[in-house]
Amino acid sequence: MKNLLRHPSLFLSLLFLLFLSLSTPLWAISFDFKPCQQKKMFDNMPIPPEQPVAMVAGHSFRKKDVCLPIEVVVTWKNKFNSFDHNFYNLNYSHVFPGELWLKNDTKEFVLTASALTYSGIDRINSMSANGEYCANDDGNNRCRKWHTFKNGSAIVDKFPIPGRTSGPANGGSILYTYPKIQTEDGETIEENLDIMSTGFTFKNSPNEYWVQEPITINNLKLNPFKYSEIVEAVNKRNLYKKTINFKDNNNIEDMPTHHQGEVTIEINFGCPKSLKIISPQKNAKFLFSIDNPSKVEIEAEVALENYPEHYLDNVEWIAPAPKERSQLFMAPIIQKGKKMKYIYLGLPTRNSDLGNTILKAKLDLGPNCGVYEDSVNVQLFFPRDQKNNPGIHEPNWYYYWQQTKAGHGTVEFQDVRYQGTSEMCGTEPTFRGYYPLTSGSLQRGSTFVYICDFSKPDVNFQALSVFGGTEAYDGIDAFGLVLLHELTHRKHWLDWWNPRGGWSDTGSYGSEVVDSDKDYIPDALEAAQGFQSNKKYTYFEQMNESLEMYDEHYLTYKHAETNWIMGSADKEDWSFPGNQWRD
């Protein structure tokens, strides 16, 4: 391949030879032929507009010419009556894809569609039939035994196609080329019309059946197609519909075929109303696993409204914005097709990379219809109680909630530390957090506040309200309240005691007693704060044992509950269970 790329003219020549194979009628091609893919490949290549890029049914088309993917609906109403007393009435409607190639300057086009080429994509909309078949003819134009087939007894033949893995396909095809042309080597390509139904079988039982060959119309005298009408329908994106009435001479050799009826051909040159991601639904919730590394999978699917579904093979899926430390894999790896699987491996570093994630799909339907796009927002959640985040030892809830409004702008190991169940967190089963106000050498002057394990049975991610009634703060609200409470303790220490090297637990600066009631507020500041300097418990003295409601603690509770608004961090809470998962 590298050698070919060093010689682009050779590479293009080989590609052109590949497309010359399209001169074979399309229903005889055994490989997967996608609508207009050949031309689309060349559209992105730096070659002149006049460069031939495909040959279809003997007609050469250039890069600048138009190729439109189409879907045709062919409806047959056929009556068959042969000399040997066999007859049937058949009505059926068949839909299959194809394409229309146009050369506007020379008014040249090829209309081609085939159910066999697009095996598995076509569909039979309806079929009904009845008739009789002579199972035993005495040779003198008399029938000794008849098989009668009732209405609805016809079934469609399935033709096996060599090399296909998708199974047999229905027949049925259309080929129309216009006008007559003469190739460079002197070969004359006649104007051509060839319309063929699928084969079908009348069958009442394994021993009572009658196989019928496809109906064929290839007489140019019956041609209904007009170049100008087709171009007008293409430009206006209209439905193009024509009906052919045939009787006996539908075959070009004018041989009696005992067929009569009509075939109606409908080609919708309209465009789809929309490309829509039908799965997942808007704001669908997806949870990272408890594994380490954690993983989440999202399966997406698109649909086209009022348009052939097989064009979805060309849908492009756009990867969302990168998430730090979380690897994204997409399957299939070419990122194209009707369905796409997004796999994230590893929880992201940032809380902002969780939650809302945009999945985008795009489909280019060429110059006639343009580009269609759709997107859907999904939400990614982390398992709250696990420890599979990119941090060192913290549980997921602590790691991610600290990055939200509930974290109050704190920095790990600078303002706050997760203490879990060790030290004071472990000795006090109801402790949610603490800030050391004692005079011990380890704690005195500490800049850290400590958060305990919120999953402990006596805590269970809740914090009771002291001033706001009986409603408990839950989940991220409990975290935001408790952290603000402990940060308020720290502020009081740093503002009132630390600058002068005071001892809050003794209420003194060296030998000078400045807090005579030992409520952790210097006497000189109590009046401004609304407290009495001679009372350790200005308020709620009866609660001093359960809440240690000395005045500094009262002030801290009051400040935290006044300034933490319940629900204010909900939009950043991507925990499960959590406040947003409940919505």
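Rules used throughout
- Residues numbered from 1 in each chain as written.
- Predicted model: local features only at pLDDT ≥ 70, side-chain atom pairs only at ≥ 80, totals over all residues.
- Heavy atoms only, no water.
- Helix = DSSP H or I, 4+ residues; strand = E, 2+ residues; numbered from the N terminus.
- Buried < 20%, exposed > 50% of the residue type's maximum accessible area, 1.4 Å probe, protein only.
- Contact = heavy atoms within 4.5 Å.
- Areas by Shrake-Rupley, 256 points an atom, 1.4 Å probe, with all protein chains shown as cover.
- Phe/Tyr/Trp six-rings, centres within 6.5 Å; stacked < 30°, edge-to-face > 60°.
- Lys NZ or Arg CZ within 6 Å of the ring centre and 35° of its normal.
- Pairing = 2+ DSSP bridges.
- Axes fitted to C-alpha atoms, helices over the stretch in contact; angles between N-to-C directions.
- Disulfide = S-S within 2.5 Å.
- Expected span 1.5 Å × (residues − 1).
- Salt bridge = Lys/Arg side-chain N within 4 Å of Asp/Glu carboxyl O.
- pLDDT = per-residue confidence, 0-100.
- Core = buried A, V, L, I, M, F, W, Y, C linked by side-chain atoms within 4.5 Å.

(A) Broad picture of the overall build of the chain. A count of helical and extended segments in the chain gives 11 helices and 33 strands. Taking all 583 residues of the chain together, 48% fall into the buried category. Expressed as a percentage of contacts within the chain between residues at least 6 apart in sequence, the contacts between residues at least 24 apart total 61%. Counting every atom, the chain has about 28600 Å² of accessible surface; 50% of that belongs to carbon and sulfur.

(B) Summary view of the packing of aromatic side chains. Counted by the stated rule, this structure contains 42 aromatic pairs. Centroid distance Y398 to Y418: 5.3 Å. Interplanar angle 45°. Geometry classified as tilted. Note that Y398 is positioned in helix 6 (residues 396–401) and Y418 in strand 26 (residues 416–420), a separation of 20 residues in sequence. The two residues Y398 and Y418 agree in class, both being buried. Three or more aromatic residues link up through ring pairs in this structure, and these residues are F80, Y88, Y133, F149, F200, F202 and W210. The residue whose ring lies beneath R384 is F461, and the NZ or CZ to ring-centre distance is 3.6 Å. One Lys or Arg, K558, reaches over the ring of F467 and ends 4.5 Å from the middle of that ring.

(C) A look at the sheet that holds strand 14 (residues 208–212). The strand order 8-13-14 describes an open sheet built from 3 strands, whose pairing is antiparallel. Of all strands in the sheet, those with a lone pairing partner are strand 8 (154–156) and strand 14, marking the two edges. Strand after strand, the sheet turns through a mean of 25° between neighbouring axes, direction not considered. Where strand 8 and strand 13 (residues 200–205) come together, 3 bridges link them in antiparallel fashion. Its bridge partner being in strand 13, I155 is matched across the sheet by T201.

(D) Here's a closer look at the state of the cysteines. Tallied over the full model, the rule gives 3 disulfides. Disulfide pairing places C134 opposite C143 at an S-S distance of 2.3 Å. Given an S-S torsion of about 110°, the disulfide between C134 and C143 has right-handed geometry. Disulfide partner of C425: C452, at an S-S distance of 1.8 Å. What sets the handedness of the C425 and C452 disulfide is the S-S torsion sign, and at about -75° it is left-handed. Here the residue C425 occupies a position in helix 7 (residues 423–427), and C452 occupies one in strand 28 (residues 449–452), the gap between them amounting to 27 residues. For C425, a relative accessible area of 1% corresponds to the buried category. The exposure class of C452 is buried, given its relative accessible area of 0%.

(E) Structural detail: helix 8 (residues 476–497). Taking 1.5 Å of rise per residue, 22 residues should cover 32 Å, and helix 8 covers 31 Å from first to last C-alpha, within 8% of that figure. Within helix 8, 19 of the 22 residues are buried, which leaves it mostly tucked inside the rest of the structure.

(F) Examining the pattern of salt bridges more closely. The final tally for this structure, using the stated rule, is 18 salt bridges. Measuring nitrogen to oxygen at the nearest pair gives 3.5 Å for the salt bridge that ties R123 to E71. In this pair, R123 sits in strand 6 (residues 123–137) while E71 sits in strand 3 (residues 66–81), placing the two residues 52 residues apart along the sequence. Overall, R123 belongs to the partly exposed group, its relative accessible area being 39%. Each of E50, R62, K64, D65 and D105 takes part in one network of salt bridges that share partners.

(G) Quick peek at the confidence of the model for the chain. Looking at the chain as a whole, the pLDDT averages 84, with 87% of positions reaching at least 70. When the criterion is pLDDT under 50, residues 1–33 qualifies, and its contacts beyond four places in sequence or with other chains add up to 48 contacts.

(H) Up close: the environment of F467. Among the secondary structure elements, F467 is positioned in the loop between strand 29 (462–463) and strand 30 (473–474). It is 7.2 Å that separates the C-alpha atoms of F467 and K558, two residues lying 91 residues apart in sequence. Setting aside its immediate chain neighbours within four residues, F467 contacts F540, Y554, Y557, K558 and E561.

(I) View of the side chain of T177. Here T177 is to be found in strand 9 (residues 173–178). Those residues within four positions of T177 in sequence are excluded, and the remaining contacts are A57, H59, F109, V110, E190, E191 and N192.

(J) Representation of the sheet that holds strand 18 (residues 275–279) in the model. Within the open sheet, the 4 strands sit side by side as 18-20-23-22. Their pairing is antiparallel. Of all the strands in the sheet, the pair left with one neighbour each is strand 18 and strand 22 (327–331). The average angle at which neighbouring strand axes cross in this sheet is 25°, direction not considered. Pairing geometry for strand 18 and strand 20 (residues 295–304), over 4 bridges, is antiparallel. Looking at the pairing, L275 lines up with L304 of strand 20.

(K) Representation of the pairing of strand 28 in the model. Across the two faces of strand 28 the burial is the same, with V449 and I451 and Y450 and C452 all buried. Across 4 bridges, the pairing between strand 26 and strand 28 is parallel. Across the sheet, Y418 pairs through a bridge with I451, a residue of strand 28. Across 2 bridges, the pairing between strand 27 (residues 433–434) and strand 28 is antiparallel. Bridging across to strand 28, Y434 finds its partner in Y450.

(L) Structural detail: the nonpolar core. In terms of nonpolar packing, the biggest core is built from 72 residues, with L275, W317, W397, I451, F454 and F479 touching the most fellow members. Looking at this core, the element that brings in the most residues is helix 8, giving 11 residues. Setting aside chain neighbours within four positions, we find F479 in contact with W397, Y398, W401, Q402, A406, G407, I451 and F454. Among the nonpolar cores identified, the runner-up in size contains 42 residues, and L100, A129, I215 and I230 belong to it.

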